[in-house]
Amino acid sequence: MAGLYIHVPFCVRKCGYCDFYSMPAAEDSPAMAAYLDALERELRRLPPDFSPQTVFIGGGTPTAMSAATLKRFLDLLAKTLDGRKVSEWTCEVNPGTLTPEKIDLLLKAGVNRLSIGMQSFDPEALRVLGRIHTPEQSEEAYNLIRSAGCCNVNIDLIYAVPGASTEVLKNDLRRIVELGPEHVAAYCLIFEEDTPITHRRDRGEVSEVVDETQLDQYNLIRQTLRDAGYAHYEISNFARPGFECRHNMLYWTGGEYIGCGPAAHSHWKGARYGNVKDLEAYGRAMREGKPAREFEERLKPEAKAREALVMGLRLVGGIARDEFLKNTGFDYMDLRGKEIAWLREEGLLVEKGGGIRLSEKGLFVSDSVFAELV
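In this convention, every chain numbers its residues from 1, walking through the sequence in written order. Selection of residues for local features in this predicted model requires a pLDDT of at least 70, selection of side-chain atom pairs for listing and counting requires 80 or more, and totals for whole chains, interfaces and linings are taken over all residues. Heavy atoms from the whole structure form the basis of all side-chain values; hydrogens and water molecules are not counted.

Here, the word disulfide means a covalent bond between the sulfur atoms of two cysteines. In this description, the term disulfide denotes a pair of cysteine sulfurs within 2.5 Å. Summed over the entire model, instances satisfying the criterion amount to zero disulfides. In this structure C91 is not part of a disulfide, and its nearest cysteine sulfur, from C150, lies 11 Å away. When a residue's accessible area, from a 1.4 Å probe over protein chains only, is under 20% of the maximum for its type it is buried; when over 50% it is exposed; and in between it is partly exposed. Among the residues examined, C91 registers a relative accessible area of 1% and is labelled buried.

Below, the structure written as structure tokens:
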């Protein structure tokens, strides 16, 4: 299976914690028109044997486009996907920019999964995060999506927000469970380098939530969603049976995908590459018929196998040893046997049923585990 990712690099206002490539832009700005011109050229260059079964439109904020601009954008994708059997087509939406007209355009184009960036139902938490929407707009957006007939919805949640107590998180979870989406993605707030919230922390205006509280909140999320019938299938992702995100599974299982748009990354036929994080440079490359790649690499088989080991361990079910050998040509004990044994002794990995997986303890400190294995 292969996937297509489209990066829309526009927002009404950039969130304080975001380090993805994006820029503030008005709905019908010249920058958006230039982006669509360049994207059309890049879509025409897709390999003739590339036939994606999943599509993911992310950003940025895809719904920051006006209805007219969004229609042109979706028409470009419709031409690209004509005749291809897409099983899952996701679009990220922001409650502050979503309208009934935009929902209608998305669903009629073939989008069958909508991912709502709610993050929290607490007004103060939303203010700290720099979100443009209100809790009321989140619920209204969800109800509009449901009334339009979409039956596959993800809600994004951020926890460990400075100043937001565990009671705030409990209320967020209660409201999410009441809404009943098919999928929930719960992310711990990360203070990325050179973001506004990190600068605020460095000035002493906000403080990171301590590790013990982060762990308590993570476990609260896991238990609450599990009790509500969601399977915890990846470190930060929970789904009702059959509603796991197929596109993201490509990333975690070493699948192939092509990304279009500035800053989009691809993994195709052994090559891994990423486009420039600059709309003007991206547009110029497309006009000149040149690649817009900022980097390109081909991992050696052993390095690729180590990467597959790390990515596969993101899945709560872990990795089957025989399947890993079949897919990569390497036994993971030959690759990282010493490190795996040590992590098992430390209680961070569990060996069971012919495979390995992160332990309960390891799930929360997964980045440290992966650093030992990469």
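The helix count covers DSSP runs of H or I at least four residues long, the strand count covers runs of E at least two residues long, and both are numbered beginning at the N terminus. Of all five residues making up strand β13 (residues 271-275), five are buried, and the element is well covered by its neighbours. In β13, alternate side chains face the same way, and those of A271, Y273 and N275 on one face and R272 and G274 on the other are all buried. We treat two strands as partners when DSSP finds at least two bridges between them. When strand β12 (residues 265-268) meets β13, the two strands line up antiparallel, connected through four bridges. Residue pairing in the sheet places S266 in a bridge with Y273 of β13. The antiparallel hairpin formed by β12 and β13 contains two residues in its connecting segment, where K269 sits at a positive phi of about 50°. Strand direction decides the pairing type here: β13 and strand β14 (residues 293-297), joined by four bridges, are antiparallel. Residue pairing in the sheet places R272 in a bridge with E297 of β14.

Looking now at the pairing of strand β1 (residues 2-8). Judged by how many residues are buried, β1 sits mostly within the fold: seven of seven residues are covered. Side chains A2, L4, I6 and V8 project from β1 onto one buried face, and the interleaved G3, Y5 and H7 project onto a second face that is buried too. Across five bridges, the pairing between β1 and strand β11 (residues 256-260) is parallel. Following the sheet pairing, G3 is matched in β11 by Y257. In this sheet, strand β4 (residues 54-59) lies alongside β1 in parallel orientation, the contact comprising six bridges. Counted as the bridge partner of I6 is I57 from β4.

To continue, consider the pattern of salt bridges. Just to be clear on terms, a salt bridge is a Lys or Arg side-chain nitrogen sitting within 4 Å of an Asp or Glu carboxyl oxygen. For the coordinates displayed, the defined rule picks out 25 salt bridges. The partner of D37 in a salt bridge is R72, and the shortest N-O contact between them spans 2.6 Å. With D37 in helix α1 (residues 30-44) and R72 in helix α2 (residues 67-81), the pair connects residues that are 35 residues apart, well separated along the chain. For R72, a relative accessible area of 30% translates into the label partly exposed. Among the ionic pairs, R306 bridges to E302, the shortest N-O distance being 3.3 Å.

A word on the packing of helix α13 (residues 332-345) against helix α15 (residues 366-373). Working note: a packed helix pair is described by the angle between its axes plus the distance between those axes. A fitted line through C-alpha atoms serves as each axis, taken over the contacting stretch for helices, and the angle formed by two N-to-C directions is quoted from 0 to 180°. Direction vectors running N to C along α13 and α15 enclose 150°, while the axes themselves pass 9 Å from each other. With respect to α15, the axis of α13 lies roughly antiparallel. Residue-level inspection shows R336, E339, I340, W342 and L343 of α13 in contact with α15, the latter providing V369, E372 and L373. Think of it as three bins: nonpolar holds Ala, Val, Leu, Ile, Met, Phe, Trp, Tyr, Cys and Pro, charged holds Asp, Glu, Lys and Arg, and polar takes everything else, Gly as well. Taken together, the residues of the contact of α13 with α15 break down into five nonpolar, no polar and three charged. By the definition adopted for this analysis, an angle is roughly parallel if under 35 degrees, roughly antiparallel if over 145, roughly perpendicular if from 65 to 115, and oblique otherwise. Here, two residues are considered to be in contact whenever any of their heavy atoms come within 4.5 Å of each other.

As a further point, take empty space enclosed by the protein. The gaps of empty space that remain are located by a probe, the size of a water molecule, rolled over the atoms. Residues are called lining when one of their atoms sits within 4 Å of a cavity or pocket point, these points coming from a 1 Å grid over the protein atoms alone, where a cavity is a set in which a 1.4 Å probe fits but cannot get out and a pocket is an open set with protein on both sides within 12 Å along at least five of seven lines. Grid points are joined across faces, edges and corners, and a volume is the space filled by probe spheres set on the points. Evaluation of the coordinates by the stated rule reveals one cavity of 30 Å³ or more. Reported here for the largest cavity is a volume of approximately 60 Å³. Contributing to the lining of the largest cavity are S120, A125, I158, Y159, A160, V161, A164, S165, V168, L169, D172 and Q217. Elements with a contribution of two residues or more to the lining of the largest cavity: β7 (153-159) and α6 (166-179). Of the residues contributing to the lining of the largest cavity, the split by class is eight nonpolar, three polar and one charged.

Look at the link from G59 to G60: it is a cis peptide, with omega at 15°. Its location among the elements puts G60 in the loop between β4 and α2. Of note, the phi angle at A263 is positive, near 75°, even though the residue is not glycine. Within the secondary structure, A263 is located in the loop between β11 and β12. Judged by relative accessible area, A263 falls into the buried class, the value being 18%. Positive phi values are uncommon outside glycine, yet K269 reaches one of about 50°. Note on placement: K269 falls in the loop between β12 and β13.

Where helix α11 (residues 301-312) meets α13, the closest approach of the two axes is 10 Å, and the angle between their N-to-C directions is 65°. Between α11 and α13 lies a crossing of right-handed hand. Mapping the contact onto sequence places E302, A305, R306 and L309 in α11 and Y332, L335 and R336 in α13. Of the residues belonging to the contact of α11 with α13, the class tally is four nonpolar, no polar and three charged. In this scheme the handedness of a crossing depends on how the near helix is turned from the far one: anticlockwise by less than a right angle means left-handed, clockwise means right-handed.

So, on to the sheet that holds strand β16 (residues 349-352). Pairing within the open sheet is antiparallel, and its three strands lie in the order β15-β17-β16. Since the sheet does not close on itself, it has two edges, and those belong to β15 (319-320) and β16, each with one partner. In this structure, β16 lies alongside strand β17 (residues 355-358), joined through four bridges in antiparallel fashion. If you follow K352 over to β17, its bridge partner there is G355. The strands touched by α13 within the sheet are β15, β16 and β17, with β16 carrying the most contacts at an inclination of about 115°.

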